[in-house]
Structures are given as C-alpha cells and as structure tokens.
Amino acid sequence: MTLNEVTISRAILEEQHRAIIDHLEMDAAVIGGGPSGLACAALLGEKGVKCALIEKKLSIGGGMWGGGMMFPRIVVQEEARRLLDRFGIAYKEFEEGYYVAKSIEAVAKLTSAACDAGVEFFNLTSVEDVMIRGDGRVGGLVVNWTPVDMAGLHVDPLTMACTCTVDATGHDAMIARMVERKGGNLRVKGESFMWAERAETRILDHTKEVFPGLFVTGMAANAVAGECRMGPIFGGMLLSGERAAELVAERLGR
Ligand code: 48F
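Small disclaimer: the values here were computed from a predicted structure and weren't measured. (Residues numbered from 1 in each chain as written. Predicted model: local features only at pLDDT ≥ 70, side-chain atom pairs only at ≥ 80, totals over all residues. Heavy atoms only, no water.)

Asks: Quick one: what's the story with the site of the ligand, residue by residue and with numbers?
Replies: Surrounding the ligand, one finds 28 residues, the nearest of these being Ser36, Glu55, Gly63, His171 and Gly231. Here a nitrogen atom of the ligand sits 3.1 Å away from a polar atom, N or O, in the main chain of Lys56. Here an oxygen atom of the ligand sits 2.8 Å away from a polar atom, N or O, in the side chain of His171. Judged by the fraction of its atoms near the pocket grid, the ligand is located in the largest pocket. Considering only residue class, the shell around the ligand consists of 12 nonpolar, 13 polar and three charged. (Near = heavy atom within 4 Å. Polar contact = N/O pair within 3.5 Å; in protein donor to acceptor, adjacent residues only side chain to side chain. 1 Å grid on protein atoms, 1.4 Å probe; cavity = no way out; pocket = protein on both sides within 12 Å on 5 of 7 lines; lining within 4 Å. Sits in = over half its atoms within 2 Å of the grid points. Nonpolar A, V, L, I, M, F, W, Y, C, P; charged D, E, K, R; others polar.)

Set out below in structure tokens:
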C-alpha cells in the first residue's frame, strides 16, 4: 500500500467536519470531561440521547486523572460501587465500604463507555458563552478553540444548539457563572471547605436543573449550592453524573 499524506489529511478534515456539523443541533451537551461529565455523557448516550461532550483541555479526565495529590488512585464508597461495576472499573476493597481504583483506568473506562454509547467528543474546545432567547432557556453554546483563548486572539466563536446543557465544569461552575454574570436569575454561591461526608451526601440534592435548560452535575452542582468539597473520593461524582443523565433524559422524554 502506498500512503498518500493528502488522503490522510482529507480523512481527518472530512470526518471531523461531519461530526461538528452533525452536532450543531443536538439533544444534550455536557460541558467538561471530568468524572461527572463522563458518567453523565456515557449514560445519556446509552439512553439514545444525541449528545456531545465538550472539553477545553487536550485530555479529558478533569480532576480524576491525577488521583489524590498526583497519586493516581481514587477512592469510591459503597453507595457508588455498582457504578464501578457498571463501567467495568477494577477496584480493591481497602476497608469495609472503601474501594480503591486506578484513576487512569477509571477515566479510560468511562471514556470508553461514552464512545461505545455514541457520544461525540470535542476536545480543545472551550464554551465561552451560552445562548438564551425569548423563551428564557439556555438553548445553545458559544464555542471556540481553546488555543484562541490561550493566545489571546480576537477570533469570533461559533455556536451549537442543544435542548439541554449540563454544566460539568467542576469547582468553577463556569457555565452557571456565565448565566449569573449575564443577568440570569441564578446565584452561584461558590464551593465551601473540605468535608467529604457532607459533600458526598448532599451532592445528589444539588444535581438538578438550576436554570431553564441548564443542569449541574459534579463539583459544579456543589459550587452552585455553596456546598462543601470532598477531595479524592469520587463516588459522588459518578452518582451525580448518573442523576444528571436521568434528569436530562426525563426532560427529553426518553
Ligand atoms: O474538575 P472536573 O474533574 O469536574 P467534576 O466532574 O469532578 C471533580 C473531581 O475531579 C474532583 C473532586 C471530586 O472528587 O473534587 O475535583 O465535577 O472536570 C471539569 C472539566 O471541565 C473542563 C475542565 O477542563 C475539566 O476537564 N472545563 C472547565 N471549563 C470549561 C471546560 C469550559 N468553559 N469549556 C469546556 N470545558
């Protein structure tokens, strides 16, 4: 076989353009590829929801990738063990109810599940704004290449329409803050101090539609609610992603 560089280039360009154009209108967009966003996207995809995951960095995984203080291990408690099983993530019981898994395997398996479920990934893509029309709902995203932002270039963005948006941007709750900053009726209280028990217990109550069309999951949910952080225990992130997927699917009538 004789390789043709132009064919390689055409394959990449045509396929990625097709994917972008195909997702200019979609059911759900998950912003952020950390554990809650990955779990949410994978489960939405499994429910047949047309869904994209948009991640500003080159690599997905968010704060799960680095485990605790760069030791690539995560802890998951009993309540979320079934999700480790569901995604095929291997683990070891450390003490009763405390399960330890490899953070890199966890990211890889969640990503693999999302890919298998038909989720489209747009990495190196930053959501810099949302669209809110006369109906008062978040109905779309304003996106640009992350390097445009990094280089401080003045380049206008493009837009993607979605019926439901999931803010999975972690501690900063970036999408909720955009809505708040632009005058939407939403208050982001900001995350509180570290208290794993409390943060993990309450996260499911905070995982909800906080503004018409905008759902929050993971640390973004706790940040909006002014709730505590929890450090490298990840059960709440997976459970919150699952809850967000259920709420979005329900809203879409699936
Ligand atoms: O921070 P992150 O992992 O969010 P999470 O799913 O999980 C939190 C845990 O990792 C950990 C914790 C709990 O155990 O405390 O910190 O709530 O992932 C958030 C992702 O969102 C991306 C960001 O790069 C990261 O990968 N992100 C943030 N802002 C944007 C974005 C944006 N404007 N556009 C696209 N992606």
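Asks: Which residues make up the UniProt feature "binding site: NAD(+)" (unreviewed entry) in the protein, and what values go with them?
Replies: Under the UniProt annotation, the feature "binding site: NAD(+)" (unreviewed entry) is placed at Ser36, Glu55, Lys56, Gly63, Val127, His154, Val155, Asp156 and Met219. The greatest C-alpha distance among the annotated residues, which extend across 184 residues, is 31.9 Å, indicating that they are dispersed rather than converging on a single site. Those annotated residues lining the largest pocket are, specifically, Ser36, Glu55, Lys56, Gly63, Val127 and Met219. Note on placement: Ser36 falls in helix 2 (residues 35-46). Apart from residues no more than four positions distant in its own chain, Ser36 is found in contact with Ala168, Thr217, Gly218, Met237 and Gly241. Counting through the fold element by element, Lys56 comes out in the loop between strand 2 (51-54) and strand 3 (73-77). Residue classification places Lys56 among the partly exposed residues on the basis of a relative accessible area of 48%. (UniProt positions renumbered as here; feature names shortened; annotations may be inferred. Helix = DSSP H or I, 4+ residues; strand = E, 2+ residues; numbered from the N terminus. Contact = heavy atoms within 4.5 Å. Buried < 20%, exposed > 50% of the residue type's maximum accessible area, 1.4 Å probe, protein only.)

Asks: Give me the sheet that holds strand 3: which residues, what numbers.
Replies: Overall, antiparallel pairing links the three strands, which are arranged 3-5-4 in an open sheet. What marks the edges here is a single partner per strand, and that holds for strand 3 and strand 4 (92-95). Ignoring strand direction, the axes of neighbouring strands in this sheet form an average angle of 40°. Taken together, the three bridges between strand 4 and strand 5 (residues 98-102) define a ladder with antiparallel strand orientation. Each residue of the ladder has a partner; that of Glu93, found in strand 5, is Tyr99. (Pairing = 2+ DSSP bridges. Axes fitted to C-alpha atoms, helices over the stretch in contact; angles between N-to-C directions.)

Asks: Could you give an account of the packing of aromatic side chains, naming the residues involved and the relevant values?
Replies: Each aromatic ring pair is specified by the distance between its two centres and by the angle formed by the two planes. Summed over all chains, the structure comprises two aromatic pairs. Residues Phe193 and Trp195 carry aromatic rings whose centres are separated by 6.5 Å and whose planes lie at 20° to one another, so their mutual orientation is stacked. (Phe/Tyr/Trp six-rings, centres within 6.5 Å; stacked < 30°, edge-to-face > 60°.)

Asks: Requested: an account of the pairing of strand 8 (residues 138-145), with residues and values cited.
Replies: By the criterion of burial, strand 8 is predominantly enclosed, with six of the eight residues buried. Between strand 7 (residues 125-132) and strand 8, which follow one another and run antiparallel, lie five residues, and Gly136 among them has a positive phi close to 75°. With four bridges joining them, strand 8 and strand 9 (residues 158-167) adopt antiparallel strand pairing. Pairing of Val142 across the sheet is with Thr159, part of strand 9.

Asks: Can you tell me about the nonpolar core, naming the residues and giving the values?
Replies: The biggest cluster of nonpolar side chains holds 48 residues, and the ones touching the most others in it are Val30, Leu44, Leu53, Met64, Phe87, Leu110 and Val248. Looking at this core element by element, the count peaks at seven residues for helix 2. Apart from the residues lying within four places of it in its own chain, the contact partners of Val30 are Gly37, Cys40, Ala41, Leu44, Cys51, Ala52, Leu53, Ile54, Val166 and Ala168. Within the second largest apolar cluster, 29 residues are counted, among which are Ala19, Ala29, Ala52 and Val210. (Core = buried A, V, L, I, M, F, W, Y, C linked by side-chain atoms within 4.5 Å.)

Asks: Which residues make up the layout of surface pockets, and what are the values?
Replies: Its boundaries defined by the atoms lining it, the largest pocket holds a volume of some 1,000 Å³. Residue lining of the largest pocket: 44 residues in total, with Lys56, Lys57, Thr169, Gly170 and His171 positioned closest to the centre. When residues of the lining of the largest pocket are traced back to their parent elements, those giving at least two are helix 2, strand 7, strand 8, helix 5 (146-150) and helix 6 (174-181). Tallied by class, the residues present in the lining of the largest pocket amount to 20 nonpolar, 16 polar and eight charged. (Points joined across faces, edges and corners; volume = space filled by probe spheres on them.)

Asks: Which residues make up the pattern of salt bridges, and what are the values?
Replies: According to the stated counting rule, one finds 13 salt bridges in the structure shown. Each of Arg198, Arg202 and Glu227 takes part in one network of salt bridges that share partners. (Salt bridge = Lys/Arg side-chain N within 4 Å of Asp/Glu carboxyl O.)

Asks: Explain unusual backbone geometry residue by residue, including any values.
Replies: Of note, Met70 is a non-glycine position whose phi angle comes to about 70°, a positive value. Looking at the secondary structure, you find Met70 in the loop between strand 2 and strand 3. Here Ala173, not a glycine, exhibits a phi torsion of approximately 45°, which is positive. Along the chain, the position of Ala173 falls in the loop between strand 9 and helix 6.

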